[in-house]
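Summary of the model geometry
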Amino acid sequence: MAHPDLAAWADFARGLSGDPRRGELEGHLATGCRRCAANLRLIERVMAVAAAERGPAPPAAAIRLVKAMATLGPYQRRQQLAATLLRVLRDSAAEPAPVGTRGEAGGERHLLSEHAGFALELTVAADTDGSSLSGTCVGPGGEPLAGVPWIALGEDRYLATGTTGARGQLRAGGLPGEPAELWLFPQADGPLALVLGPAAADPWAG
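A few words on the environment of Thr123. Within the secondary structure, Thr123 is located in strand S4 (residues 118–127). The spacing of Thr123 and Glu108 is 15 residues in sequence and 6.6 Å in space, taken between C-alpha atoms. Not counting residues within four places of it along the chain, the set of residues in contact with Thr123 comprises Glu108, Arg109, His110, Ser132, Leu133 and Ser134.

As a further point, take unusual backbone geometry. Backbone geometry at Ala116 places phi at a positive 50°, although glycine is not the residue there. When its relative accessible area of 56% is taken as the criterion, Ala116 is described as exposed.

Moving on, we get to the confidence of the model for the chain. Counting all residues, the mean pLDDT for the chain is 77, and 73% of those residues have values of 70 or more. With pLDDT under 50 throughout, residues 199–206 is counted as low confidence; its partners more than four residues away or in other chains account for 19 contacts.

Here the focus is the sheet that holds strand S3 (residues 107–115). Strand order in the open sheet made by the five strands is S2-S3-S4-S5-S8, with antiparallel pairing throughout. Of all strands in the sheet, those with a lone pairing partner are strand S2 (87–91) and strand S8 (169–175), marking the two edges. Taking the axes of each pair of neighbouring strands and ignoring which way they run, one obtains an average angle of 20° across the sheet. Two strands pair when backbone bridges link them, and S2 and S3 are joined in this way by four bridges, in the antiparallel orientation. Looking across to S3, one finds that Arg87 is bridged to Glu114.

Rules used throughout
- Starting from 1, residues in each chain are numbered consecutively following that chain's sequence as written.
- Whole-chain, interface and lining totals are the exception, using all residues; otherwise, since this is a predicted model, local features are given only for residues with pLDDT of at least 70 and side-chain atom pairs are given and counted only at 80 or more.
- Excluded from the side-chain calculations are hydrogens and water; all other atoms, namely the structure's heavy atoms, are used.
- Secondary structure is summarised from DSSP: a helix means a run of H or I of at least four residues, a strand means a run of E of at least two, and numbering begins at the N terminus for each.
- Whether two residues are in contact is decided by their heavy atoms: any pair within 4.5 Å suffices.
- Burial here depends on accessible area, computed with a 1.4 Å probe over protein chains only, as a share of the maximum for the residue type. Under 20% is buried, over 50% is exposed, and the range in between is partly exposed.
- pLDDT expresses, on a scale from 0 to 100, how confident the predictor is about each individual residue.
- Two strands are counted as paired when DSSP detects at least two bridges linking them.
- Convention adopted: a line fitted to C-alpha atoms gives each axis, helices being fitted over their contacting stretch, and angles between N-to-C directions are expressed from 0 to 180 degrees.

Okay, structure coming up:
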């Protein structure tokens, strides 16, 4: 009696055998072949152990962040990842400075931006060590966006990455330079991008 090999029984256990071949294997088992029945049970036990040790799937947000970091780079390459620019509703840097503060170094820049109900309120602060970011983001229903991946970008490098907190807050300090853009990933169909500084006035330029 010809016995199917282990590869055939592995395909059978995984449901990869075509209908005719599967019928042949089932017929072989029906003859009472102990050897092949034992081989099939062994393969099924190995599959069960492998499935148990596979562990939970990574969060979708983490997958989006990794894919984005693999795609993003210099601005020439960033064109490959479609992003929607957030519309700036308020930028303190574009407003007249209060009397007595003109010409002062450092300070804070406050921005409010939105797109399709998504809103981001952000503060960029400059100091002697570089800069810092802090802010909150909310969804179309006004709910805090928790666990949203974000990336702060300089002219040609990453400055910081992270995910928003339970109240939609993000924070990063001690950045080596002023961010040019901030990218948020609240949805699967592409990131939202906020242009922050003159260095990114034309972020898609190659």
